[in-house]
Amino acid sequence: MAISPEIDFDIKNLTSFKIGGKINEVFFPENLNEFEQILNENKNIKVFGNLSNTLVSTHGFDGKIVLTTKMNSSSIDGDKVIADAGVKGPKLAQDVCEAGLSGLEFMIGFPGSIGGEVFMNASANNQAISDYLLGVTCYSPIHGLLRYSKAEMAFDYRTSRCQSEDLIVLQAEFQLLPKDKSQIKAQMDENLTFRKLHQPSLALPNCGSIFKNPPGNSAGRLLDSVGAKELSVGGVRVWENHANFIVSNDNGTSTDVLELMYLMYKKVKDRYNIELEPEIRFLGGKDKRENELWQILNKK
Ligand SMILES: Cc1cc2nc3c(=O)[nH]c(=O)nc-3n(C[C@H](O)[C@H](O)[C@H](O)COP(=O)(O)OP(=O)(O)OC[C@H]3O[C@@H](n4cnc5c(N)ncnc54)[C@H](O)[C@@H]3O)c2cc1C
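Residues numbered from 1 in each chain as written. Predicted model: local features only at pLDDT ≥ 70, side-chain atom pairs only at ≥ 80, totals over all residues.

Some details on the sheet that holds strand S3 (residues 46-48)
Next up, step 1: Spatially, the 4 strands line up as an open sheet ordered S1-S2-S5-S3, and their pairing is mixed. Bordering the open sheet on either side are strand S1 (6-10) and S3, each of which pairs with just one other strand. Between one strand and the next, the sheet's axes are offset by a mean angle of 45°, whatever the strand orientation.
Next up, step 2: One ladder, built from 4 bridges, connects strand S2 (residues 22-27) with strand S5 (residues 61-67); its direction is parallel. Across the sheet, Ile23 pairs through a bridge with Phe61, a residue of S5. (Pairing = 2+ DSSP bridges. Helix = DSSP H or I, 4+ residues; strand = E, 2+ residues; numbered from the N terminus. Axes fitted to C-alpha atoms, helices over the stretch in contact; angles between N-to-C directions.)

Right, dumping it as structure tokens:
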């Protein structure tokens, strides 16, 4: 039996930016079988997790997407951990801490899903998701289910094999390090304290770092040096404590964000001849101005 999507689903409140419009069809699989069935029946459908690194257009998206938020099973067996794509990073970090396993402490402070973190090779506080990964079960629109070892995943700064081959992450398997719970907890507390000083909390809607760090440089420092912290457009502004974050008030739109990103990009390009690349993803396509801006910003 076909699995029914939500129709004309207003996605705004599911995004960490609190920006977005209506999506034609949104599927919410609850387990791996449902997920695989949806992927088989809707080839090349787009998949998202916790929408903490994605700007969704206020004008919405004409098409189908999957959200993995209900795919949240995980299991721990000795030092091995298996997590479905939709498991939230902070929850998994706490669960493995309770089991006395170290290696995922970095996940405590930001709201990604395991699928999104594998796709982006998420990292923080000197740890990356790839560090303790054994393998990933993926879905390829051409080959169906495949399992890749960590070595085969082609992890690099904010990228993985998923990006070059349109692979969907279904499940990830880790082998973690047994450690004293109190030490793991202390590391997580330290990570949270660091974050409070350097990144906006989700009470100020945001999408994480806007641009990737150029090789050997820091996007935040470059942006700061060109006065980006003074910039704002409509309902969004550059965060006053770190120039690589955009925060939104209740009225911020996706066009505001893209216009502001363009101003930030242009200032750095004009001063240093460096073209910053977006770290965030964009889901849209219905608005001409937004498409123009995204095309300038996203050269790939
Ligand atoms: C306050 C804040 C702080 C942050 N700090 C950090 C940080 O320190 N380090 C860091 O790395 N990131 C950080 N981020 C960014 C973000 O949380 C990560 O990039 C995270 O990995 C995104 O996960 P997600 O599930 O929200 O992805 P989404 O935004 O849902 O998707 C992001 C991309 O991943 C793809 N994707 C999602 N799920 C799957 C799947 N199952 N299979 C294939 N592709 C998939 C989507 O198609 C999209 O291209 C931060 C974000 C916020 C809001």
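Considerations on the site of the ligand
Next up, step 1: Contacts to the ligand come from 33 residues, most closely from Gly49, Gly112, Gly115, Gly116 and Gly208.
Next up, step 2: Every element with two or more residues in the shell around the ligand is listed here: S3, helix H3 (114-120), strand S9 (123-124) and strand S13 (168-175).
Next up, step 3: Broken down by element, the shell around the ligand gets its largest block of residues, 5 residues, from H3.
Next up, step 4: Grouping the amino acids of the shell around the ligand by side-chain chemistry returns 15 nonpolar, 15 polar and 3 charged.
Next up, step 5: For the shell around the ligand, the domains that each give at least three residues are domain 1 (6-67) and domain 2 (74-198). (Near = placed C-beta within 6 Å. Nonpolar A, V, L, I, M, F, W, Y, C, P; charged D, E, K, R; others polar. Domains from an automatic or database assignment.)

A short note on the environment of Cys162
Next up, step 1: Tracing the chain through its elements places Cys162 in helix H4 (residues 161-165).
Next up, step 2: The sequence separation of Cys162 and Phe17 amounts to 145 residues, and the corresponding C-alpha distance is 24 Å.
Next up, step 3: Those residues in contact with Cys162, other than ones at most four positions away along the chain, are Val118, Phe119, Cys138, Leu167 and Val169. (Contact = placed C-beta atoms within 7 Å.)

Description of the domain arrangement of the protein
Next up, step 1: Parsing the protein into structural domains produces domain 1 (6-67), domain 2 (74-198) and domain 3 (219-297).
Next up, step 2: Summarising the inter-unit geometry, the C-alpha centres of domain 1 and domain 3 are found 24 Å apart.
Next up, step 3: Counting residues at the interface gives 14 residues for domain 1 and 15 residues for domain 3.
Next up, step 4: When residues of the side of domain 1 that touches domain 3 are traced back to their parent elements, those giving at least two are strand S4 (54-56) and S5.
Next up, step 5: A per-element tally of the side of domain 1 that touches domain 3 places S4 first, with 3 residues.
Next up, step 6: Tallied by class, residues from the side of domain 1 that touches domain 3 come to 5 nonpolar, 6 polar and 3 charged.

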